[in-house]
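An overview of the molecular structure
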Amino acid sequence: MLQSLRSLENQLNNVLVNREDESHTAVLALLSKQHHLQIGEAGTGKSLLANTLCQSIGGVQVFNTLLSRTTEPDEIFGNISFKGMEEDDYRRVSEGFAPEAHIWFLDEFFKAGDALLNNFLTALNERTYRNGKTTTQLPLISVFAGSNELHDTEALNALYSRFTFRHWVDYVADFEDFETMVRRSLEPMPIEPVIELGEIEELQKKVAEVEVTKDTLEAIWEVKHTMAQGGFSVDDRKLVWLATKVARAEAVYNGSNITEVEHLFPLQHCLWDRPEDRATIRQIVLSIVNPTAEECATYLDSANQIWKQFETVVAEAGDNKRSVTTHAIDSSTEVAEILTSLEKRIGEAGNGSQSQLQETQIKVSKIQKKILASMGAGLGINLGLEQ
């Protein structure tokens, strides 16, 4: 079953480009029966992830819709039953609609009108739906939602808080990713079921059996305390979810029957509320649960910042080749200093940390090559460097 689960994640990564974190948390959302939100501009692959996920699961019932201010409850939960009306029971015929589905994909989620908000809140939190005179238990596993914008009203805060996994997605930033995206579009791979719904349900049972260790709880508490020092808050309900749902799901994914501190790695995608706070939250989480990963992220962030500054200089320099060359050399030197630090750390690190540092070294080297290749292109010289 675990192999099938990993095949699901691999299939997502073979379709999407540079969405490894989003793919992993989508799998964790299924395991933990939590909800998953992607926020970003149109055309960033939000629907593609959800649709590929659903097509990869055999035997699953899916409800997929685009929400707007005018979306009516009938479009989500089904039409009112005429027979029910004759019996003074305003129940809905829900076959083919959300109440019958295991997975919902709700695009433009925050554009939903007030008429839907209360129903969504109850469904996401309690997995129940009031249908006429009866309350129905929903087979819902997870809601995957997409939005082009962050919510902007207090009324949506409660719904927003129900999404355990959150991602801010952007357009591809590198030529290599762009080329990969185009190649995959020209020769799309067939999407076939790689895991059955029953297998996911069995794995969910294993999640419920995982022992939550004291070390894990202490690490979560340290994250909460460190966040509080930085002016961030996290409610008790979410802390419980992180311990009993997210950490246990990550443990099962890694083939463990007890949680470990390293299984809290996904918390970086669970604890931010505003997009501008993502880097700070990531730093807090990784410094506690995986210091090497936090160190690698800092190296990579620094290199990316140098690249962005160089791009700005190139745009402003226009035809001034001397200026471009000077800044390219300066920027390349700065990146070289990062690579020197990485090389030193790789020599000092143990086996567990070396691979993370080496992967970062490769990524930073690519940034240096991009700077030099850009300089060469500006001078009309092919330096033989791949972008």
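The notes below deal with the structure included here. Since the structure is predicted, the reported quantities are computational estimates derived from the model, not experimental observations.

1. So, the overall build of the chain
A tally of helices and strands in the chain yields 15 helices and 11 strands. Here the chain has a C-alpha radius of gyration of 24 Å; the compact-globule value for 387 residues is 21 Å, and the two agree. The 387 residues of the chain split such that 47% are buried. Put simply, of all contacts in the chain between residues at least 6 apart along the chain, 74% involve residues at least 24 apart. Measuring between centres, the 36 positive side-chain charges of the chain sit 2 Å from its 58 negative side-chain charges.

2. Some details on the pattern of salt bridges
Tallied over the entire structure, the rule returns 12 salt bridges. With a shortest N-O distance of 3.0 Å, Lys 111 and Glu 108 are connected by a salt bridge. Looking at Lys 111, the relative accessible area reads 27%, which means it is partly exposed. The buried category is assigned to Glu 108, whose relative accessible area is 8%. A salt bridge links Glu 348 to Arg 345; the shortest N-O distance between them is 3.6 Å. You can see Glu 348 and its partner Arg 345 sitting in helix α14 (residues 321-348), 3 residues apart, about one turn around the helix. Among the charged side chains, a salt-bridge network with shared partners connects Glu 108, Lys 111 and Glu 149.

3. So, the pairing of strand β8 (residues 134-137)
Bridging between strand β7 (residues 128-131) and β8 involves 4 bridges; their strand directions are antiparallel. Along β8, the bridge assignment pairs Thr 128 with Gln 137. Remark: 2 residues form the turn of the hairpin made by β7 and β8, two consecutive strands paired antiparallel; Gly 132 in that turn has positive phi of roughly 65 degrees.

4. Re the environment of Asn 257
Within the secondary structure layout, Asn 257 lies in the loop between α11 (236-253) and α12 (278-289). Residue classification places Asn 257 among the exposed positions, given a relative accessible area of 58%. Remark: the alpha-carbon pair of Asn 257 and Val 207, spanning 50 residues in sequence, is separated by 8.2 Å. Excluding its chain neighbours within four sequence positions, the residues that come into contact with Asn 257 are Glu 209, Val 210 and Glu 211.

5. Details of the packing of aromatic side chains
A complete count under the given rule lists 10 aromatic pairs for this structure. Here Phe 109 and Phe 163 contribute two aromatic rings whose centre-to-centre distance is 5.2 Å and whose plane-to-plane angle is 85 degrees, an arrangement assigned as edge-to-face. Taken together, the residues Phe 109 in the loop between β6 (103-107) and α6 (114-126) and Phe 163 in the loop between α7 (157-161) and β10 (165-168) connect sequence positions 54 residues apart. A relative accessible area of 1% means that Phe 109 is categorised as buried. On the accessibility criterion, Phe 163 (0% relative accessible area) is buried. For Arg 6, the ring lying beneath its charged end belongs to Tyr 253, and the centroid distance is 5.4 Å. For the cation-ring pair, Arg 166 lies above Tyr 160, with the distance from its terminal atom to the ring centre recorded as 3.9 Å.

6. Some details on the pairing of strand β1 (residues 36-39)
With burial as the criterion, each face of β1 is covered, one bearing His 36 and Gln 38 and the other bearing Leu 37 and Ile 39. Of the pairings in the sheet, the one linking β1 to strand β9 (residues 142-147) comprises 4 bridges and is parallel in character. Of the residues in β9, the one forming a bridge with Leu 37 is Ala 145.

7. A few points about the sheet that holds strand β3 (residues 62-66)
Reading across from one edge, β3-β6-β9-β1-β10 is the order of the 5 strands in this open sheet, with parallel pairing throughout. A single partner strand is all that each edge strand has here, and the edge strands are β3 and β10. The mean angle between the axes of side-by-side strands here comes to 10 degrees, regardless of whether they run parallel or antiparallel. Here 4 bridges tie β1 to β10, and the two strands are oriented parallel to one another. By the bridge assignment, Leu 37 is partnered in β10 with Arg 166.

8. Focus: the side chain of Gln 268
In this fold, Gln 268 is placed in the loop between α11 and α12. A polar side-chain atom of Gln 268 sits 3.2 Å from the main-chain carbonyl oxygen of Phe 265. Each residue touching Gln 268, except ones within four places of it in the same chain, is listed here: Ile 281, Arg 282, Val 285 and Leu 286.

9. A short note on the side chain of Asp 177
As for its position among the elements, Asp 177 is in helix α8 (residues 175-186). The residues touching Asp 177, leaving out its near neighbours within four places in the chain, are Val 17, Asn 18 and Val 172.

10. A short note on a nonpolar patch on the surface
Residues Phe 175, Phe 178, Met 181, Val 182 and Leu 186 make up a contiguous nonpolar surface patch of roughly 470 Å² in combined accessible area. Looking at where Leu 186 falls in the secondary structure, it is placed in helix α8.

11. Overview of the nonpolar core
Counting 81 residues, the largest nonpolar core has Leu 30, Trp 104, Phe 109, Phe 120, Phe 144 and Leu 271 as its most contacted members. The dominant element in this core, judged by the number of residues it contributes, is α11, at 9 residues. Apart from the residues within four sequence positions on either side, Trp 104 is in contact with Phe 63, Phe 77, Ala 98, Pro 99, Phe 120, Ala 123, Leu 138, Leu 140, Ser 142, Val 143 and Phe 144.

12. Some thoughts on helix α2 (residues 20-32)
Here α2 spans 18 Å end to end across 13 residues, near enough to the 18 Å set by a 1.5 Å rise per residue. With respect to burial, α2 is a largely interior element, 11 of its 13 residues being buried. Buried within α2 are the following residues: Glu 22, Ser 23, His 24, Thr 25, Ala 26, Val 27, Leu 28, Ala 29, Leu 30, Leu 31 and Ser 32. Lys 33 sits one or two positions beyond α2 and adopts a positive phi of about 55 degrees.

Analysis parameters
- Residues numbered from 1 in each chain as written.
- Predicted model: local features only at pLDDT ≥ 70, side-chain atom pairs only at ≥ 80, totals over all residues.
- Heavy atoms only, no water.
- Helix = DSSP H or I, 4+ residues; strand = E, 2+ residues; numbered from the N terminus.
- Rg over C-alpha atoms; globule rule 2.2 N^0.38 Å.
- Buried < 20%, exposed > 50% of the residue type's maximum accessible area, 1.4 Å probe, protein only.
- Contact = heavy atoms within 4.5 Å.
- Lys, Arg positive; Asp, Glu negative; His and termini not counted.
- Charge placed at Lys NZ, Arg CZ, Asp CG, Glu CD.
- Salt bridge = Lys/Arg side-chain N within 4 Å of Asp/Glu carboxyl O.
- Pairing = 2+ DSSP bridges.
- Phe/Tyr/Trp six-rings, centres within 6.5 Å; stacked < 30°, edge-to-face > 60°.
- Lys NZ or Arg CZ within 6 Å of the ring centre and 35° of its normal.
- Axes fitted to C-alpha atoms, helices over the stretch in contact; angles between N-to-C directions.
- Polar contact = N/O pair within 3.5 Å; in protein donor to acceptor, adjacent residues only side chain to side chain.
- Patch = residues over 30% accessible without salt bridge, like charges linked within 9 Å, V, L, I, M, F, W, Y side chains within 5 Å.
- Areas by Shrake-Rupley, 256 points an atom, 1.4 Å probe, with all protein chains shown as cover.
- Core = buried A, V, L, I, M, F, W, Y, C linked by side-chain atoms within 4.5 Å.
- Expected span 1.5 Å × (residues − 1).

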